[in-house]
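Coordinate inspection notes
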Amino acid sequence: GAVVSQHPSRVICKSGTSVKIECRSLDFQATTMFWYRQFPKQSLMLMATSNEGSKATYEQGVEKDKFLINHASLTLSTLTVTSAHPEDSSFYICSALSIAGETDTQYFGPGTRLTVL
Amino acid sequence: DQQVKQNSPSLSVQEGRISILNCDYTNSMFDYFLWYKKYPAEGPTFLISISSIKDKNEDGRFTVFLNKSAKHLSLHIVPSQPGDSAVYFCAASGDTGFQKLVFGTGTRLLVSP
């Protein structure tokens, strides 16, 4: 099956620093990747859609200057949380879109737990 | 505004019995629905999906039913196994783009031996 990896799985940083999270599709190419955030006991909320070779599309309420997304290749998208603050602490999950047959399927990475002190 | 709702935060079932997880949606533009299973500290794993042109899709122990008029879908797991214990999310797409998913809040399923 399709495999998506994320790195790091956990990160703890000081307030004001920046953190980069990588999302890779390991056995397929993905022109489209998605970044989600999940707060405790809540659903996954889509933050942005990342398209290879073009600018990301951000959902309403998500600051594009704070959450920088780069989709430099067909297998890698990165999310950089700039000037992180404690309220940015969350579980960040990426997904990669696999287009096969009649339907598209999103395959999710294992997530990154970000804790900002 | 929660467009996809899973009103039961948790469900407990005995091994071998049927598990029924429910999901309601409000946006009539949704035309594709998916169920994901998620373990703690892991990303969701795709289980099964259904297009709005169908009312049932089956894959092994998992069956998804869609009632468009009621804007309701359900996931049936039979027979339930302890390894099925996880959080189950339903998701929908079709409003602003085929691939953009709107997730429900999840239902935690516990299957006891």
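Now for a quick tour of the structure. (Residues numbered from 1 in each chain as written. Chains lettered and ligands numbered in written order. Predicted model: local features only at pLDDT ≥ 70, side-chain atom pairs only at ≥ 80, totals over all residues. Heavy atoms only, no water.)

Quick look at the sheet that holds strand β1 (residues 4-7) of chain A now. Backbone-to-backbone hydrogen bonds join strands into a sheet, with any given pair of strands oriented parallel or antiparallel. Residues and elements named next belong to chain A. Reading across from one edge, β1-β3-β8-β7 is the order of the four strands in this open sheet, with antiparallel pairing throughout. Of all strands in the sheet, those bounded by a partner on one side alone are β1 and β7 (67-73). In this sheet, adjacent strand axes meet at a mean angle of 15° when their direction is disregarded. Of the strand pairs in this sheet, β7 and strand β8 (residues 76-81) are connected by five bridges, and their pairing is antiparallel. Note on β8: the bridge partner recorded for Ser-73 is Leu-76. (Pairing = 2+ DSSP bridges. Helix = DSSP H or I, 4+ residues; strand = E, 2+ residues; numbered from the N terminus. Axes fitted to C-alpha atoms, helices over the stretch in contact; angles between N-to-C directions.)

Attention shifts here to the packing of aromatic side chains. Any aromatic ring pair is given by two values, namely how distant the centres are and how the planes are angled relative to each other. Taken as a whole, this structure holds 11 aromatic pairs over all chains when the rule is applied. Here A:Phe108 and B:Phe103 contribute two aromatic rings whose centre-to-centre distance is 5.8 Å and whose plane-to-plane angle is 80°, an arrangement assigned as edge-to-face. In this pair, A:Phe108 sits in strand β10 (residues 103-108) while B:Phe103 sits in strand β10 (residues 102-103), so the two residues belong to two different chains. Judged by relative accessible area, which is 9%, A:Phe108 ranks as buried. Take B:Phe103: its relative accessible area is 2%, and that puts it in the buried class. (Phe/Tyr/Trp six-rings, centres within 6.5 Å; stacked < 30°, edge-to-face > 60°. Buried < 20%, exposed > 50% of the residue type's maximum accessible area, 1.4 Å probe, protein only.)

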